[in-house]
Amino acid sequence: MKQPGTRHKARRRAVDLLFEAEAKKVSATQLVAERREYVREDESVGTIHDYTATVIDGLAADLPQVDAVVSSHLKGWTLQRLPAVDRAILRLATWELFHATDVDPIVIVDEAVELAKELSTDDSPAFVNGVLAQIADLAPQVRAAAAAEEPPRRD
């Protein structure tokens, strides 16, 4: 088995924080800020990787859009009926598919399936893969539209 990379660990921490935030009914961005404060006093808390914070912040800003996209690809399910960990994985991966332009969509889907294998039920990896495969088909158009909306850079 290959060793998980830094991005994998950052994604896993993001899923953990999204899950915890939902359980505690607080914002995940608030948890990130609290953990970054705690680590100054107690290093055992563990630092928050910059990629984890980027994903959490981005997802917080785009949650209604991400939830709408995920919901539209669930057949026979609602977002709220999904196990909370699957919901967190699907949200994370969907945000990445649309915004993490430095990562190949296939890698994002594979990472999400790995997280589902590690953290969820036996049925979750196939379910996550099926939903994200459909969403990944939208990623090129969403990424292109976002790039077109960005103001031109003046160097």
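Right, let's walk through the structure included here. This is a predicted model, so every value here is computed, not measured.

Some thoughts on the pattern of salt bridges
Thought 1: Applying the stated criterion across every chain, the model contains eleven salt bridges.
Thought 2: Between Glu-20 and Arg-35 there is a salt bridge, with the nearest N and O atoms lying 2.5 Å from each other. Linking Glu-20 in helix H1 (residues 6-24) with Arg-35 in helix H2 (residues 28-41), this pair joins segments that are 15 residues apart in sequence.
Thought 3: Given a relative accessible area of 13%, Arg-35 falls into the buried group.
Thought 4: Each of the salt bridges in this network shares a partner with another, and the network as a whole consists of Glu-22, Asp-67, Arg-87 and Arg-91.

Quick notes on the packing of helix H3 (residues 50-72) against helix H4 (residues 84-99)
Each packed pair of helices is defined by two parameters, the angle between the axes and the distance between the axes.
Thought 1: The contact between H3 and H4 brings their axes to 8 Å, and the two run at 95 degrees. Taken as axis vectors, H3 and H4 run roughly perpendicular relative to one another. Taking contact as the criterion, the partners of Tyr-51, Thr-54, Val-55, Gly-58, Leu-59, Asp-62, Leu-63, Gln-65, Val-66, Asp-67, Val-69 and Val-70 in H3 are, on H4, Leu-90, Arg-91, Leu-92, Thr-94, Trp-95, Glu-96, Phe-98 and His-99.
Thought 2: For the contact of H3 with H4, the residue count by class is eleven nonpolar, five polar and four charged.

Focus: the side chain of Thr-52
Thought 1: Along the chain, Thr-52 falls in helix H3.
Thought 2: Here Thr-52 is in contact with Ala-10, Arg-13, Ala-14 and Leu-17, once residues within four sequence places are set aside.

A closer look at the packing of aromatic side chains
Thought 1: Applying the stated criterion across every chain, the model contains one aromatic pair.
Thought 2: If you follow Arg-81 out to its NZ or CZ, it ends over the ring of Trp-77, 4.5 Å from the centre.

Focus: the nonpolar core
Thought 1: Membership of the largest hydrophobic core comes to 44 residues, with the highest contact counts inside it found for Ile-89, Leu-97, Val-128, Leu-132 and Ile-135.
Thought 2: Breaking this core down by element, the ones donating at least two residues are H1, H2, H3, H4, helix H5 (105-119) and helix H6 (124-149).
Thought 3: Sort the elements by how many residues they give to this core and H4 lands first, with nine residues.
Thought 4: Residues within four places of Ile-89 in sequence aside, it is in contact with Val-15, Ala-112, Leu-115, Ala-116 and Val-128.

What counts, and where the lines are drawn
Residues numbered from 1 in each chain as written. Predicted model: local features only at pLDDT ≥ 70, side-chain atom pairs only at ≥ 80, totals over all residues. Heavy atoms only, no water. Salt bridge = Lys/Arg side-chain N within 4 Å of Asp/Glu carboxyl O. Helix = DSSP H or I, 4+ residues; strand = E, 2+ residues; numbered from the N terminus. Buried < 20%, exposed > 50% of the residue type's maximum accessible area, 1.4 Å probe, protein only. Axes fitted to C-alpha atoms, helices over the stretch in contact; angles between N-to-C directions. Parallel < 35°, antiparallel > 145°, perpendicular 65-115°, else oblique. Contact = heavy atoms within 4.5 Å. Nonpolar A, V, L, I, M, F, W, Y, C, P; charged D, E, K, R; others polar. Phe/Tyr/Trp six-rings, centres within 6.5 Å; stacked < 30°, edge-to-face > 60°. Lys NZ or Arg CZ within 6 Å of the ring centre and 35° of its normal. Core = buried A, V, L, I, M, F, W, Y, C linked by side-chain atoms within 4.5 Å.

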